[in-house]
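# Commentary on secondary and tertiary structure
What follows is the residue order along each chain.
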Amino acid sequence: MFHKKNIFISHSSENKEIAEQLCAFITRLGIKESRIFCSSIIGQGVNNGEKLNDAISVSINKSQVIVYIISRDFIESSYCMEELGIGWYLSQFKKASCFYLILPDIDLSELKGFVNSKIDKFSFIDESHGGDLGLFVENLCDKFKGRLPKHSVLINAENTFFSATKTSIVSIIEKSENIKKERDEKEKEIETLKKEIKRLKENLDTLNKRIQDSREERNNELLKQELRTICERFRYLGFGEGISQKIFDSIYKEFWLSMVNRYLELQKTFGGEDGDMAMLLATIYSANGDFDEAYEQLKVYVQYEQSQIYPDFCKNIKIDDKNDMSEIIEILQEKIKHKPKGVVQDSYKETVEYLLERKKKIESKTDE
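These lines cover the structure that appears in this document, whether it is placed above or below. (Residues numbered from 1 in each chain as written. Predicted model: local features only at pLDDT ≥ 70, side-chain atom pairs only at ≥ 80, totals over all residues. Heavy atoms only, no water.)

## Digging into the overall build of the chain
Operational definition: Put simply, DSSP marks the helices as runs of H or I at least four residues long and the strands as runs of E at least two long, and each gets a number from the N terminus on. Taken over C-alpha atoms, the radius of gyration is set against a globule rule of 2.2 Å times the number of residues to the power 0.38. For every residue, the accessible area obtained with a 1.4 Å probe (protein chains only) is divided by the maximum for its type, and the residue is called buried under 20%, exposed over 50%, and partly exposed between those limits. Between two residues, a contact is recorded if the distance between any of their heavy atoms is within 4.5 Å. In this description, accessible areas are obtained by the Shrake-Rupley approach with a 1.4 Å probe, and a residue is regarded as covered only by the protein chains that are shown. The charge count treats Lys and Arg as positive and Asp and Glu as negative. His and the chain ends do not count. A charged residue contributes its charge at one atom only: NZ of Lys, CZ of Arg, CG of Asp or CD of Glu.
Helix and strand content of the chain: 12 helices and 5 strands. A compact globule built from 368 residues should have a C-alpha radius of gyration of about 21 Å, whereas the chain, at 51 Å, is more than 25% larger. Dimensions of the chain along its principal axes, counting C-alpha atoms only, are 135 × 45 × 45 Å. Among the 368 residues that make up the chain, the fraction classed as buried is 38%. In the chain, 69% of the contacts between residues at least 6 apart in sequence involve partners at least 24 apart. Carbon and sulfur atoms form 50% of the exposed surface of the chain, whose accessible area is close to 22800 Å². Looking at the chain, you have 56 positive and 63 negative side-chain charges, and the mean spots of the two groups are 7 Å apart.

As structure tokens, then:
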């Protein structure tokens, strides 16, 4: 009956040969085969007519010792991991002791979940850790209250085990190294692909930047052309002295104001001041009754106009009778200081004299 088994060997079917040799090793220590459950060995696993799952369930729950042969294939098997969980549960309630024989294709740090290194007993099976089986034997004998075998018997049993499992161990090592090599190669390929993707992305970003710059440059050129066209139309309609009320009234007001607003919008984008355009805008604002805006543009005209400015420079612009144009007087007086003697300076002086005389008249009216 299954419940008479005292030792349960949990392993992956890929590690069948090692499981068989482990059973043989245990029997050489004096433990009967009938006390060992190993599904890979006929007579020590499932009897004829028995279901594998039922046999495993009964045996593992009745075992005093559970030995796990841990390998890469083991941790990738859902069945093996379920057995590992059962062992963990039984060991927590001291119903069974768990031993872990670690094969060389797995690292102890990779064991997660149902493994507690503080209470569980680990041994390592590979060509360079044969002595670890001695610790396994000590723990096993302690569990079954048995005597340790003679040293010569233990050494002979170990040598026989490692000799019989050498091919399997070497195969496991080679398989593990091949897997690692393939993984490293894939990681290199992935890294190469990442670099290539990064390079392509940078190239794409550069190309998109060039396209964007080209679009912006083209758009700016179109906007500059629009600005030049507006200025040309204004100058054609108004020349350098602005426009008269008669010309303003002869064309739809919406035309003038839309042209003005668009000009100011483009001028804000590209900067720069234009004296002639300021005069045109001043006369348009004046003709539309926007006298404050007209005066602001008039100041711009006086500030940036480089040719002569005569007393009648604002003949087409309505100025509030109370506005003494002090700001424009100051601008012209400052310009006189930096202009050499000649026609331009004389025109500035003449204009200032006219504006000062006008200012006196306004002040005198205020005093009355």
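And the narrative resumes.
## Some details on the packing of aromatic side chains
Two descriptors summarise a pair of aromatic rings, namely the distance from one centre to the other and the angle between the planes of the rings. Basically, it comes down to this: Between rings of Phe, Tyr and Trp, where Trp is taken as its six-membered ring, a pair exists when centres lie within 6.5 Å; planes separated by under 30 degrees are stacked, by over 60 edge-to-face, and by other angles tilted.
Tallying each qualifying case throughout the model produces 10 aromatic pairs. Ring centres of Phe8 and Phe37 lie 5.0 Å apart, and the angle between their planes is 10°; on these two criteria the pair is classed as stacked. Pair noted here: Phe8 is in strand β1 (residues 7-10) and Phe37 is in strand β2 (residues 36-37), with a separation of 29 residues, a long-range link. Note on accessibility: Phe8 and Phe37 belong to one class, buried. Here the aromatic rings of Tyr89 and Phe93 are separated by 5.0 Å at their centres, their planes lie at 55°, and the arrangement is tilted. Connected via pairs of aromatic rings, a cluster forms that spans Phe25, Phe161 and Phe162.

## Focus on the packing of helix α9 (residues 275-287) against helix α10 (residues 291-304)
Spelled out, the test is: What counts as an axis is a line fitted to C-alpha atoms, over the stretch in contact for a helix, and the angles between N-to-C directions run from 0 to 180 degrees. To sort the angles, those under 35 degrees are grouped as roughly parallel, those over 145 as roughly antiparallel, those from 65 to 115 as roughly perpendicular, and the leftovers as oblique. Left-handed describes a crossing whose near helix is turned anticlockwise from the far helix through less than a right angle; right-handed describes the clockwise counterpart. Charged residues are taken to be Asp, Glu, Lys and Arg, nonpolar residues to be Ala, Val, Leu, Ile, Met, Phe, Trp, Tyr, Cys and Pro, and polar residues to be all remaining types, Gly included.
Running from N to C, α9 and α10 cross one another at 165°; their axes reach a closest spacing of 8 Å. Classified by the angle between their axes, α9 and α10 sit roughly antiparallel to one another. Crossing handedness for the pair α9 and α10: left-handed. The segment α9 lies against α10, with Gly275, Ala278, Met279, Leu281, Ala282, Tyr285 and Ser286 engaging Phe291, Glu293, Ala294, Gln297, Leu298, Val300, Tyr301 and Tyr304. Classifying every residue of the contact of α9 with α10 gives 11 nonpolar, 3 polar and 1 charged.

## A few points about the pairing of strand β3 (residues 65-70)
What counts here: Pairing between strands requires that DSSP locate at least two bridges from one strand to the other.
Burial runs high along β3: 6 of the 6 residues are buried. Where β1 and β3 come together, 4 bridges link them in parallel fashion. Considered in β3, the bridge of Ile9 is made with Val67. In terms of strand pairing, β3 meets strand β4 (residues 97-102) through 6 bridges, oriented parallel. Counterpart to Tyr68 in the pairing with β4 is Tyr100.

## Re unusual backbone geometry
Of note in the backbone geometry, Lys94 takes a positive phi value of approximately 55° without being a glycine. The topology assignment puts Lys94 in the loop between α4 (78-92) and β4. The exposure class of Lys94 is exposed, given its relative accessible area of 75%. Despite not being glycine, Met325 has its phi angle at roughly 60°, a positive value. Within the secondary structure layout, Met325 lies in the loop between α10 and α11 (326-338).

## Digging into the pattern of salt bridges
Pairs can form between side chains of opposite charge whenever their charged atoms are close. For the record, the criterion: Salt bridges are defined by distance alone: a side-chain nitrogen of Lys or Arg within 4 Å of a carboxyl oxygen of Asp or Glu.
Counting across every chain of the model gives 11 salt bridges. Linking Glu221 and Arg228 is a salt bridge whose minimum nitrogen-to-oxygen distance equals 3.3 Å. For Lys299, the salt bridge identified is with Glu327, shortest N-O distance 3.3 Å. Of the two residues, Lys299 is situated in helix α10 and Glu327 in helix α11; the sequence distance between them amounts to 28 residues.

## Points about the pairing of β1
Condition: By convention a crossover is right-handed if, when the strands point away from the viewer, the path from the first strand over the helix to the second runs clockwise.
By the alternation rule, side chains of β1 split into Ile7 and Ile9 and Phe8 and Ser10, which are all buried. Of the strand pairs in this sheet, β1 and β2 are connected by 2 bridges, and their pairing is parallel. Residue pairing for β2: Ile7 is matched across the bridge by Ile36. Following the chain from β1 across helix α1 (residues 16-28) to the adjacent parallel β2, one finds a crossover that is right-handed.

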